[in-house]
Every structure is written in structure tokens, then in C-alpha cells.
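Structural characterization, general
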Amino acid sequence: MQIRSSRDRRWTPDLGWSDVTPKSAWLNRRMLMAGAAATAAAAAAGPALAKLDYRPSPLSTDETPNSFEEITNYNNYYEFGTGKTDPAENAGQLTTDPWAVEIGGLVERPGSYDLGDILSGVTLEERIYRLRCVEAWSMVIPWIGFPLASLLDRVGVQPGAKYVSFETLTRPEEMPGQRIPILDWPYREGLRIDEAMHPLTILATGLYGEEMPNQNGAPIRLVVPWKYGFKSIKSIVKIDLTGDEPPATWKMMQGSEYGFYANVNPEVDHPRWSQATERKIGGGLFGSRVPTQMFNGYGDQVAALYAGMDLARNY
Ligand code: MTE
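This structure is a prediction, so every number in the text was calculated from the model and none was measured.

1. Concerning the overall build of the chain
Helix and strand counts for the chain stand at 10 helices and 13 strands. The 315 residues of the chain split such that 54% are buried. Sequence-distant contacts in the chain: of pairs separated by 6 or more residues, those separated by 24 or more amount to 75%. With the model as given, the accessible surface of the chain reaches about 12,600 Å², and the carbon-plus-sulfur share is 54%.

2. Examining the confidence of the model for the chain
Considering every residue of the chain, the mean pLDDT works out to 81; 77% of them sit at 70 or more. Below a pLDDT of 50 lies the segment residues 1-48, which in the model reaches 159 contacts outside its immediate sequence neighbourhood of four places, other chains included.

3. Quick notes on the side chain of N263
Tracing the backbone shows N263 in the loop between α9 (249-253) and β12 (277-280). Of the residues examined, N263 reaches a relative accessible area of 7% and is grouped as buried. There is a polar contact of 3.4 Å between the side chain of N263 and the side chain of Y306.

4. Considering the pattern of salt bridges
Considering all chains together, one arrives at 8 salt bridges under this definition. Note that R171 is salt-bridged to E174, the shortest N-O span being 3.0 Å. A relative accessible area of 21% means that R171 is categorised as partly exposed. As a salt-bridge pair, E189 and K231 come within 2.7 Å of each other at their nearest N and O atoms.

5. Considerations on the nonpolar core
Core analysis: the largest hydrophobic core is formed by 56 residues, its most contacted members being F166, L222, W226 and I239. Per-element tally for this core: the top contributor is helix α7 (residues 148-155), with 4 residues. With residues near it in sequence (within four places) discarded, L222 still touches L148, F166, L191, T201, I202, L203, K231, S232, I233 and I236. A204, L207, M212 and V223 belong to the second largest nonpolar core, which has 14 residues in total.

Basis of the calculations
- Residues numbered from 1 in each chain as written.
- Predicted model: local features only at pLDDT ≥ 70, side-chain atom pairs only at ≥ 80, totals over all residues.
- Heavy atoms only, no water.
- Helix = DSSP H or I, 4+ residues; strand = E, 2+ residues; numbered from the N terminus.
- Buried < 20%, exposed > 50% of the residue type's maximum accessible area, 1.4 Å probe, protein only.
- Contact = heavy atoms within 4.5 Å.
- Areas by Shrake-Rupley, 256 points an atom, 1.4 Å probe, with all protein chains shown as cover.
- pLDDT = per-residue confidence, 0-100.
- Polar contact = N/O pair within 3.5 Å; in protein donor to acceptor, adjacent residues only side chain to side chain.
- Salt bridge = Lys/Arg side-chain N within 4 Å of Asp/Glu carboxyl O.
- Core = buried A, V, L, I, M, F, W, Y, C linked by side-chain atoms within 4.5 Å.

Written out as C-alpha cells, the structure reads:
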């Protein structure tokens, strides 16, 4: 079950905001905050930025999103249990305000950054929405967030930095799964620096115009749409720029099955099952099976990052 659960991926569809946001509260707020007023309000709003104006990502597809209910009731977040409904049941107890992210290693301006400060530095142009999640099952999720590159540029990446490592919060008092050594806590993940700087890689702070639900990784999580979902680490408290490949939870757990790259690849089977197809959640109890696309359909954007690499070896 653990294994099956770590095959998600995410990507970007391209509908208008009204197609994905049936929330009148959102629309009212959006009208109030049009134009320059939005910028000023954004600076003051801090984490409430999730409710401000976002533009569709130009790197998008046109698929119909899953419902808010589906997206928030079928999750992987082992800090709250290994079952798909455990996060929805248990994550409510997590305190996400105040929240700071410690950024260090090979950066010009290391420090502990308050989430409000991080968000108020994001420009209107940088705010994007809609990315998709796929796994052994797949979902289309209207994430909202901003490119990781925008934050890394602001803290200043030193030339020697080759990788970015991420860590999730450790707080067993509020994360019951962490009281049991199911994984080697804290949850850790990493990206190569060029993957981290790619515009498809975002830090997501919400979905469907709402602030991030706790079970989806509040208040800030990674979304890397061309990779299996276990790369998309939730509730991030630490970002380090390093010269060496950083540890990654699932690779440490079972390196023969989970590699550092974890690029979606229908041609490379998991040792214990085919990765050629995925099950779409929604539309019936078991959903429908569809062929999985190389790089989750983002080959045009990301294949060049891996030119010359043997993807069967670098899985
Ligand atoms: N991040 C943390 N901290 N803990 C986790 O257990 N699970 C990963 C990833 N990020 C996980 C995590 C896996 S295996 C998947 S498939 C995705 O989160 C699921 O994201 P979702 O529940 O928002 O769809």
C-alpha cells in the first residue's frame, strides 16, 4: 500500500478561473481587489494571498478538474496516517499559522523567512493556478501558487548550488503518524537545481481559490507536475541549496523502487507493477484507466533537462 501510494504526478490544465471556482466569496473578493489595489492588499494580506488574483499558467492542459471533495478526501500524507482518508480525518489539528521557512545552504541571503513575507514578495504575474496530480490514480487539481524559482531568485542562489533539498515539519504532537517510525521523519525530498528553477515547478499555497487544505500540505508545498507525486513534498519548513544530491524519503526507504528523479515514465515499470496506465479518479467508483504519458505530458517542456541520460537507470 505504501508503495502504490507514491506514484502521483501533477500537471497544468487551462480553463478560465470561473470554470474552476464556483465560490462566490472568491469572486466578491476578487472584484474588491482588482488592479493596483490588489497589489497593495497582497502586501498586507500575507498567507491570505491564496484568495487573490491568479492567472492561468501558460503551461496548461484543458482537462476538467476533480471536485474539491475528491481532491481533499483521497490523499497521501503519512504524517497523518497511511490510509487515503486519514489525512482528511487527522490533519485538521495541524497549526499552520505562524509558519516560517528556513532557507539555507548555498544561498546569498540565508534565514528564517515568515510565510507572509515570502508571499507578499510574489508579484501578480508570478501567481499561477491549475496543475494536475496523477498517481496509480490521477487527479486534475487546480493548484494556486508561484514558481519556486521566484523564491530562489529572491534569496540568491550561489554558483556552487547543484541541488535543492526540502523538509516537512516535524511535530509529532500534531502529526500522529510521526509518533510511529513508518518513515524516517522528517519527510525529505530534493530536486536538481535546473528542475527546481523550471517554471513548471511551483510552491503551491492553495487550490480552488482556497488556502491550502491541511491534508493537501498546508500552508506551502511543492508541486512538480512531470514527476510522480512523492516528489511533491508537503508543509515545507526547510529549503537548503546543496552541492550534493540530498536525501529523499522514498529513495532512502526503498532505493531499488524509488529513484531520485521519479520522472513519470510509462516505459519504466516499477519493479512490482507496470507504470503504463493510470486510474482517473472521478466518474465512477473505480474511475477509468488511461495510458500514462511520458513526463506526464510535459515532454516538450522538460525532456531537454534529461538529454543524454539513461532514464531507465536514472528512474
Ligand atoms: N509530503 C509529506 N510531507 N508526507 C507525505 O506522506 N506524500 C507524497 C506527497 N507529499 C507525502 C508528501 C505522496 S506519496 C503523494 S502521492 C502526494 O504528496 C499526494 O498529494 P495530495 O494528497 O495533495 O494529492
